[in-house]
Amino acid sequence: MSLEIIGVSVLWTFLFGYVILGSIDFGAGFFNAYSIISGKQHIVSKIIQRYLSPVWEVTNVFFVFFFVGIVGFFPKTAFYFGTILLVPGSLAIILMAIRGSYYAFETYGTRGHKGYAFMYGIAGLLVPASLSVVLAITEGGFVSIVDGQPVLDYWALFTSPLSWSIVVLAIAAVLYISAVFLTWYAHKAGDIGATKLMRKYALVWAIPLIVAAGGIIFELSSHNPAHFERILDLWWMFALSAILWAATVWLLWKQKNYGMAVWLLVGQFALAFYAYGISHYPYLLYPHLTIQDGFTNEAMAISLIVVFILGFILLVPSIYLLVRLFLFDKDYVKGQNKKKE
Amino acid sequence: MLFDDPVFASRLLTLLTLSFHIIYATIGVGVPIFIMIAHWMGIKKNDYHYILMAKRWARGFLVTVAVGVVTGTIIGLQLSLLWPNFMELAGNIIALPLFMEVFAFFFEAIFLGIYSYTWGRFAPRKHFLLLIPVVIGAGFSAVFITIVNAFMNAPQGFDLINGQLVNANPLLAMFTAAMPTKVSHVLATAYMTAAFMLAAIAAYKLIKGSNHVYHKKALHMTMKVGLVFAIATAVIGDFSGKYLAEYQPEKLAAAEWHFETEGSAPLVLYGLLDEDKEVKYAIKVPFALSILAHGNPTAEVIGLDQFPEEETPPLIIHYFFDAMVTIGMFMILLALIYWLGTRLSWTFVKTNWFRWLIVLGGPLSFLAIQAGWWMTEVGRQPWILRGIMTVDEAATSSDHVGLMFILFATLYLILGVGTVVVLRRIFKNNPVDLELERYEAKLGGEEK
């Protein structure tokens, strides 16, 4: 395997981690806001405080890893994407700042202003929407090079059905992933009301998810035929992903084995996400930048990979400890603290 | 308008973001060590006051770290958004410590989360161990980020041939001449500033009538540790002067308004500069600049006459330099008097006016941090990568930076006010006395 493939795989893996963890986080914020409006607040917000507060910074770091890593492995992306993403990128980080400050101010401080919870929830949908636009941009057709500088055509981007399908997919995915996870978490916590509610949300969002995913592939057939061809070559990965989706929905429908449902969901998204990534090869930005053109020098690539491995050796046990304490510790999940003072 | 120039607007936005972030970053690097000391003393002395101190500091710390995560994410992305050409070049050679920083911070964040949410789930000694990765992670994220800044001041580890970066050696790029003094200076000042911030809070509580021994213990501990780091800062600052004289003489000369290359150079403090670049109303300490630059009172110090006008840093950095040094000296003196005063039972160190000086020391220390960063960043102008790339060449070509500046300024205002309001609320609703009473009531209950 060549160095650039290793590099891009590492980055794609970080992004996948962010997609899953971030979706749980974003969706939970939205459900929380929604339940405040519909008067079911106590059901969801307790779970959010017990699960999200200790881990949100970790979730955020996956994103930071991705964008720091991509500049390291593919420095040219800083030039192309840095220049064109000034406005969408700035808006996305401001929205993320609103969400981060909600954790800082509401859950650590005294509880809550409704307007703030509402903004936090809305930002939870706008962040994935604004970030996913980047995926649309990479498909080409929205960026031209003027006087050696890349320029983004906002009008083309906002009127493109492709970018809107991607935005819809991002939002549906966020709500679906989050609802499936929270169904399981609420079930573990023994909260029957929340389990029921979350299961309902999960089933509701399963349909728009698969429709939007199909829509994107359809849009690509005209927007970027080369990419579409490569997607067809990988049809089996997408088909497997669809089967896992069906299995998840079936488990939820039958109300059994929610833990398994979460793992199937992760499998479904992993297959689709990696299949999309592989089919995107070799382009980082159609048609201007390929991973070969944009790649860093060999010395930097090797040192980054070494650091990545060392870092991983350090982090995996730490994350394991975190997960065991907050996700799989029965007493903690149920809200009973063991006293050992 | 002022913002029409993307270069200028990018500089202003970066200045704004960094000046805001550095407050949280300094707390983030400095405070963990004090939580650790307090927790350790609590175990050692079997004194619940110290344990409570660790607990309360950690509670406030969690809020500032969370905001620091937000502002840190912003600056991380803004580097690419505002300086795409710089990051394209720098990505090839200095991405390694940036990548390492994320790992270090990740490590810190995980264990801080565990430490903060597991009070009562572990035995105190075991719980204490969780702080070690927090302190290490915090320290190393400062080390790695400062390494990047050091590289910008003294780039090495590559060759430029026809604008192409070749022969990259990422490790050599990390260990630049600027690195040792910069890294140690940043660490020492972070610990010093955190100490004086915590001391200021304790002193304020004592002034406001709480005569609780808890605050006295906190004040005593932080002032003592603060003194050590303040002295360390000054010593490292002296080495930084020698580094500058050797490798970035134009920055030292601009900071010192040292125009003519000469021996036995005096250190110029304060003063004004008239139109003919004549220094007026300044205090001149004879030989001091030569000593700072070379450790020798008669040594020759390179002046600004050796540099073309367009490569001369803005002369305003003189005031940043003076502010930083003056505050640093003031804090050493203050902490020293406090320490001697407590040893020799001078009563005035317990008076309100002296405690007000300690309270003042908190914000002053932060001002010194700001002044120091402004000096080093403005003092590198016109370069973003000294000798290789100017800020003009590095900045984005986008026209919308001015608008982004307004958006981010609003965001920082909200974050800043929010931090203060939330921290006040947390501690107001939970005063020390109340928490101690609750603890004693619980102990009493268990004994029965």
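Look up: the structure comes first, before these words.
Residues numbered from 1 in each chain as written. Chains lettered and ligands numbered in written order. Predicted model: local features only at pLDDT ≥ 70, side-chain atom pairs only at ≥ 80, totals over all residues. Heavy atoms only, no water.

Observations concerning the overall build of chain A
Logical step 1: Within chain A, the regular secondary structure consists of 13 helices and four strands.
Logical step 2: In terms of C-alpha radius of gyration, chain A reaches 20 Å, essentially the compact-globule figure of 20 Å for 341 residues.
Logical step 3: In terms of principal-axis extent, the alpha carbons of chain A reach across some 60 × 40 × 40 Å.
Logical step 4: Taken across its 341 residues, chain A has 59% of its residues classed as buried.
Logical step 5: Taking the contacts inside chain A whose residues are at least 6 apart along the sequence as the reference set, 78% of them involve residues at least 24 apart.
Logical step 6: For chain A, the exposed surface amounts to about 14,100 Å²; the carbon and sulfur share of it is 70%.
Logical step 7: For chain A, the distance from the average position of its 20 positive side-chain charges to the average position of its 16 negative side-chain charges is 21 Å. (Helix = DSSP H or I, 4+ residues; strand = E, 2+ residues; numbered from the N terminus. Rg over C-alpha atoms; globule rule 2.2 N^0.38 Å. Buried < 20%, exposed > 50% of the residue type's maximum accessible area, 1.4 Å probe, protein only. Contact = heavy atoms within 4.5 Å. Areas by Shrake-Rupley, 256 points an atom, 1.4 Å probe, with all protein chains shown as cover. Lys, Arg positive; Asp, Glu negative; His and termini not counted. Charge placed at Lys NZ, Arg CZ, Asp CG, Glu CD.)

So, the overall build of chain B
Logical step 1: Summing up its helical and strand segments, chain B has 15 helices and eight strands in all.
Logical step 2: For 448 residues, the compact-globule formula gives about 22 Å, and the C-alpha radius of gyration of chain B, at 24 Å, lands near that figure.
Logical step 3: Each principal axis of the C-alpha atoms in chain B carries an extent, and together these give about 80 × 45 × 40 Å.
Logical step 4: Buried residues in chain B amount to 59% of all 448 residues.
Logical step 5: Positive and negative side-chain charges of chain B, numbering 31 and 33 respectively, have mean locations separated by a distance of 22 Å.

Remarks on the side chain of S178 of chain A
Residues and elements named next belong to chain A.
Logical step 1: Residue position: S178 is located in helix α7 (residues 161–188).
Logical step 2: According to the relative accessible area criterion, S178 is buried, its value standing at 0%.
Logical step 3: Here the side chain of S178 touches I24 through a polar contact of 3.0 Å, landing on its backbone oxygen.
Logical step 4: Among the polar contacts listed, one links the side chain of S178 to the backbone nitrogen of A28, at a separation of 3.0 Å.
Logical step 5: Beyond its immediate stretch of four places on either side in the chain, S178 contacts S23, I24, G27, A28, F31 and A173. (Polar contact = N/O pair within 3.5 Å; in protein donor to acceptor, adjacent residues only side chain to side chain.)

Structural notes on the interface of chain A and chain B
Logical step 1: At the interface, 65 residues of chain A touch 63 residues of chain B.
Logical step 2: At the boundary of chain A with chain B, total buried surface from both sides reaches about 5,900 Å², with 76% on carbon and sulfur atoms.
Logical step 3: Taken together, chain A and chain B are joined by zero salt bridges.
Logical step 4: Taken together, the elements giving at least two residues each to the side of chain A that touches chain B come down to α2 (41–73), α3 (76–84), α4 (86–107) and α12 (298–326) of chain A.
Logical step 5: Of the residues that constitute the side of chain A that touches chain B, the class distribution is 39 nonpolar, 19 polar and seven charged. (Buried area = accessible area lost by both parts, 1.4 Å probe. Salt bridge = Lys/Arg side-chain N within 4 Å of Asp/Glu carboxyl O. Nonpolar A, V, L, I, M, F, W, Y, C, P; charged D, E, K, R; others polar.)

So, the packing of helix α11 (residues 317–343) of chain B against helix α12 (residues 352–378) of chain B
Residues and elements named next belong to chain B.
Logical step 1: The contact between α11 and α12 brings their axes to 8 Å, and the two run at 150 degrees. Compared by their axis directions, α11 and α12 come out roughly antiparallel. For the element pair α11 and α12, the recorded crossing hand is left-handed.
Logical step 2: Its residues assigned to classes, the contact of α11 with α12 comprises 21 nonpolar, three polar and no charged. (Axes fitted to C-alpha atoms, helices over the stretch in contact; angles between N-to-C directions. Parallel < 35°, antiparallel > 145°, perpendicular 65-115°, else oblique. Left-handed = near helix turned anticlockwise from the far one by under 90°.)

Observations concerning empty space enclosed by the protein
Logical step 1: Inspection of every chain in the model, using the stated rule, returns two cavities of 30 Å³ or more.
Logical step 2: The calculated volume of the largest cavity comes to roughly 180 Å³.
Logical step 3: W56, N60, M96, R99 and G100 of chain A are, among the 17 residues lining the largest cavity, the residues nearest its centre.
Logical step 4: Secondary-structure elements contributing two or more residues to the lining of the largest cavity are α1 (3–37), α2 and α4 of chain A together with α2 (48–82) of chain B.
Logical step 5: With six residues, α4 of chain A is the largest single contributor of residues to the lining of the largest cavity. (1 Å grid on protein atoms, 1.4 Å probe; cavity = no way out; pocket = protein on both sides within 12 Å on 5 of 7 lines; lining within 4 Å. Points joined across faces, edges and corners; volume = space filled by probe spheres on them.)

What to know about α12 of chain B
Logical step 1: The terminal C-alpha atoms of α12 of chain B lie 38 Å apart, and with 27 residues this matches the ideal 39 Å at 1.5 Å per residue to within 8%.
Logical step 2: Along α12 of chain B, the largest kink reaches about 30 degrees and is centred on G362 of chain B; proline P363 of chain B follows within four residues of it. (Expected span 1.5 Å × (residues − 1). Bend = angle between axes of the 7 residues up to and from the residue.)

Details of the pairing of strand β1 (residues 143–146) of chain A
Residue and element names in this part refer to chain A.
Logical step 1: Judged from the four bridges that link them, β1 and strand β2 (residues 149–152) form a sheet pairing that is antiparallel. Note that in β2 the partner of S144 across the bridge is V151.
Logical step 2: Between β1 and β2, which follow one another and run antiparallel, lie two residues, and D147 among them has a positive phi close to 50 degrees. (Pairing = 2+ DSSP bridges.)

Regarding a negative patch on the surface
Logical step 1: Taken together, the side chains of D4, D5, D392, E393 and D399 of chain B make up a negatively charged region of the molecular surface.
Logical step 2: Mapped onto the elements of the fold, D4 of chain B is located in the segment before α1 (6–45). (Patch = residues over 30% accessible without salt bridge, like charges linked within 9 Å, V, L, I, M, F, W, Y side chains within 5 Å.)

Some remarks on the pattern of salt bridges
Residues and elements named next belong to chain B.
Logical step 1: A full pass over the atoms with the stated rule returns eight salt bridges over all chains.
Logical step 2: The residue R59 makes a salt bridge to E435 at a minimum N-O spacing of 3.0 Å. Taken together, the residues span a long stretch of sequence, with R59 in helix α2 and E435 in helix α15 (residues 432–447) at a distance of 376 residues.
Logical step 3: Take R59: its relative accessible area is 22%, and that puts it in the partly exposed class.
Logical step 4: According to the relative accessible area criterion, E435 is buried, its value standing at 9%.
Logical step 5: Linked by salt bridges that have partners in common, R56, R59 and E435 make up one network.

A short note on a nonpolar patch on the surface
Logical step 1: The grouping of I302, V306, I309, L310 and I313 of chain A at the surface amounts to a nonpolar patch, some 470 Å² of accessible area in total.
Logical step 2: Residue position: V306 of chain A is located in helix α12.

Quick notes on the environment of A66 of chain B
Residues and elements named next belong to chain B.
Logical step 1: Mapped onto the elements, A66 comes out in helix α2.
Logical step 2: With relative accessibility at 0%, the residue A66 sits in the buried group.
Logical step 3: Put simply, A66 and T419 are 353 residues apart on the chain and 9.9 Å apart in space, counted from C-alpha to C-alpha.

Describing the packing of aromatic side chains
Logical step 1: This structure, assessed with the given rule, holds 47 aromatic pairs over all chains.
Logical step 2: Measuring from centroid to centroid gives 5.8 Å for F65 of chain A and F99 of chain B, while their planes differ by 75 degrees, and the two rings are edge-to-face. Of the two residues, F65 of chain A sits in helix α2 while F99 of chain B sits in helix α3 (residues 84–117), which places them in two different chains. In this structure, F65 of chain A and F99 of chain B share a single accessibility class: buried.
Logical step 3: Among the aromatic residues, ring-to-ring pairing joins F14, F62, F65, F73, F74, F295, F308 and F312 of chain A together with F99, F103 and F106 of chain B into one connected group. (Phe/Tyr/Trp six-rings, centres within 6.5 Å; stacked < 30°, edge-to-face > 60°.)

Re the side chain of R380 of chain B
All names here are of chain B.
Logical step 1: By secondary structure assignment, the location of R380 is in the loop between α12 and β7 (383–385).
Logical step 2: At 3.0 Å, the side chain of R380 forms a polar contact with the side chain of E377.
Logical step 3: Beyond its immediate chain neighbours, meaning those up to four positions away, R380 contacts N149, M152, N153, Q248 and K251.

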